[in-house]
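A structural walkthrough
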Amino acid sequence: MKITVIGSGYVGTTTALVLADLGHEVISYDVDKLKIKRLNDAILPFSEPGLDRLLQKLLQSGRIIFSSDSQTAITQSEMLMISVGTPSTSSGNADLTYIQQVLEVIATHINGPKIIITKSTVPIGTNRWMKQQLEAKIDTNKYPIEVVSNPEFLREGSALHDSYHPSRTVIGGEEHSAIEKVKQIYSSLGTSYFTCNYETAEMIKYASNGFLAVKISYINEIARLADLVGADIEGVAAGMGMDPRISPHHLYAGIGYGGSCFPKDVDELLYLAKQKKINLGLLKQGKRINDSQIAWFVQKIESHLSLEGKRILVLGVAFKEDTDDQRESPGVRLIEHLLDKGVDEIRVIDPTVTSLEQIHWSKNLNNNDSQRVNIFTKEDEAAIGVHAVVLTTTWSQFATYPWADWVTKVESPYLFDGRNFLNPQEMQHYGWNYVGVARSVLK
Ligand code: NAD
Ligand code: UGA
């Protein structure tokens, strides 16, 4: 099938490459010309395991082209899959500016029947609104259009695995034939389909992310209590997760969730609830717990070490491992908290960061603040003279850092593990004063 994927970001590029790999003829279109140039040069504009190799392979196959030409994008394919960003506005609702731009471009260049597939996460009601917008702009007797909701569930860091092995494929629409055509796109994947109306499909996406966010906040809240009563949260989560009704997934306590989706999708749900004048108290509380989890952890650090004037090494600024994405990153927010506490120097190591300019702060840092942050690209010297090491992201390489050597070079051997990632016994054996999130096995 001929498919144009509109928006070549994390989701769009992954989807376009996977669809080409499945045998489709794909155009990956983006307004960002530099991004398109880099993709055509076989350079991935972001970091995602395995995707660079797939990009090289498929560019050679000729089954994918990357283009910033809107006319080519719209006219050459019957299937137009939208994966542009839908970030939060300051009021919390999803900003549909990019979706609106895409509708304009489709209306301008339409040259035949089109199925418009919405992969972007869009508020409940958007697909129906999109259809109405297009019908108002296009002579649909001449150029029939159908809009189909097809939300994406991949995770960054495992985007390829998730795309080849989707947990389910949700398709929301009104026209049986359009739904069947969208199913055909994925026919070689052997996925389970769930078909429904637009609103149900849109709500499945938001309710899934909201549920996972609340699940993380739940275990984090239990961790706060576990910490006070001597229960080990890792054991608690493992024991709970053995119940298939609970499952062990997304049950890891830490410094909270971040990323480009959980925070914004929770905000959109809360915004919608406010519009509809109902109180989503559980979701609201889940967000509150997450918003205060870093402060809770910093307080925990302070109960061991006064932070003012100290040198701290922070491991990780990506919002999770195996990605360079820092949107709503807990690691970045933690650094900002430490700066507010008067820390003298913060050293940062993240495999995707080589300069200070690559850190996406969540607020404007003044000169004094940014001068206190230094990026280290090699681990050998990073720990010399620091008063504490704080781990915020579970990059696998952090586990094999020279912990035994580092402990001999630090000013004081505090190791605060914000993700319960390292082996506490091993770290204690080396001589670290290891503090995790409610890891009472040590007491
Ligand atoms: P992104 O910011 O990485 O990519 C969006 C791309 O769209 C950018 O390259 C941008 O230049 C492009 N764009 C903007 N306006 C455009 C236009 N008018 N025409 C063509 N291209 C345009 O975003 P993302 O992380 O890939 O997320 C995309 C959507 O998918 C969002 O709605 C998000 O909620 C959803 N989603 C994301 C993930 C994820 O893990 N990142 C997972 C599931 C769903
Ligand atoms: C999440 C969902 O898992 C995807 O299904 C969804 O498609 C995507 O959002 C989206 O809509 O964009 P992602 O944000 O890439 O995927 O990553 P997750 O693995 O879900 O992690 C999100 C955040 O939660 C990270 O900061 C992670 O460190 C944190 N987390 C995750 C925990 O604190 N504990 C856990 O047990 C799991």
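Conventions adopted
Residues numbered from 1 in each chain as written. Chains lettered and ligands numbered in written order. Predicted model: local features only at pLDDT ≥ 70, side-chain atom pairs only at ≥ 80, totals over all residues. Heavy atoms only, no water. Domains from an automatic or database assignment. Contact = heavy atoms within 4.5 Å. Buried area = accessible area lost by both parts, 1.4 Å probe. Near = heavy atom within 4 Å. Polar contact = N/O pair within 3.5 Å; in protein donor to acceptor, adjacent residues only side chain to side chain. Areas by Shrake-Rupley, 256 points an atom, 1.4 Å probe, with all protein chains shown as cover. Helix = DSSP H or I, 4+ residues; strand = E, 2+ residues; numbered from the N terminus. Buried < 20%, exposed > 50% of the residue type's maximum accessible area, 1.4 Å probe, protein only. Phe/Tyr/Trp six-rings, centres within 6.5 Å; stacked < 30°, edge-to-face > 60°. Lys NZ or Arg CZ within 6 Å of the ring centre and 35° of its normal.

What follows covers the domain arrangement of the protein. Once the domains are mapped, the protein shows domain 1 (2–196) and domain 2 (197–443). Once you take the C-alpha centre of each, domain 1 and domain 2 turn out to be 32 Å apart. In this complex, domain 1 contributes 38 residues to the contact, which on the side of domain 2 involves 27 residues. In total, about 2600 Å² of surface goes out of reach between domain 1 and domain 2, with carbon and sulfur atoms giving 57% of it.

With respect to spatial proximity, 28 residues lie near ligand 1, and among them Asp30, Lys35, Thr86, Glu156 and Lys264 are the closest. Measuring from an oxygen atom of ligand 1, one finds a side-chain N or O atom of Thr86 at 2.6 Å. A distance of 2.9 Å is found between an oxygen atom of ligand 1 and a backbone nitrogen or oxygen belonging to Thr121. Against a free-state accessible area of 830 Å², the protein chains account for coverage of 90% of ligand 1. Sorting the residues of the shell around ligand 1 by element identifies helix 1 (10–21) and helix 5 (97–109) as the ones contributing at least two each. With three residues, the single largest contributor to the shell around ligand 1 is helix 5. No fewer than three residues from each of domain 1 (2–196) and domain 2 (197–443) sit in the shell around ligand 1.

Right, let's get into the side chain of Thr392. On the secondary structure map, Thr392 appears in the loop between strand 12 (388–391) and helix 15 (396–399). For Thr392, a relative accessible area of 1% corresponds to the buried category. If we ignore the near neighbours within four places in the chain, the residues touching Thr392 are Ile255, Val314, Leu315, Gly316, Gly331, Leu334 and Arg419.

In this structure the tally under the stated criterion is seven aromatic pairs. Ring centres 5.4 Å apart and planes at 65° place the aromatic pair Tyr401 and Trp406 in the edge-to-face group. The class for Tyr401 is buried, based on a relative accessible area of 10%. Note on Trp406: relative accessible area 0%, which makes it buried. Connected via pairs of aromatic rings, a cluster forms that spans Phe398, Tyr401, Trp403, Trp406 and Trp432. The aromatic ring of Phe153 is capped on one face by Arg168, whose charged end is 3.7 Å from the ring centroid.

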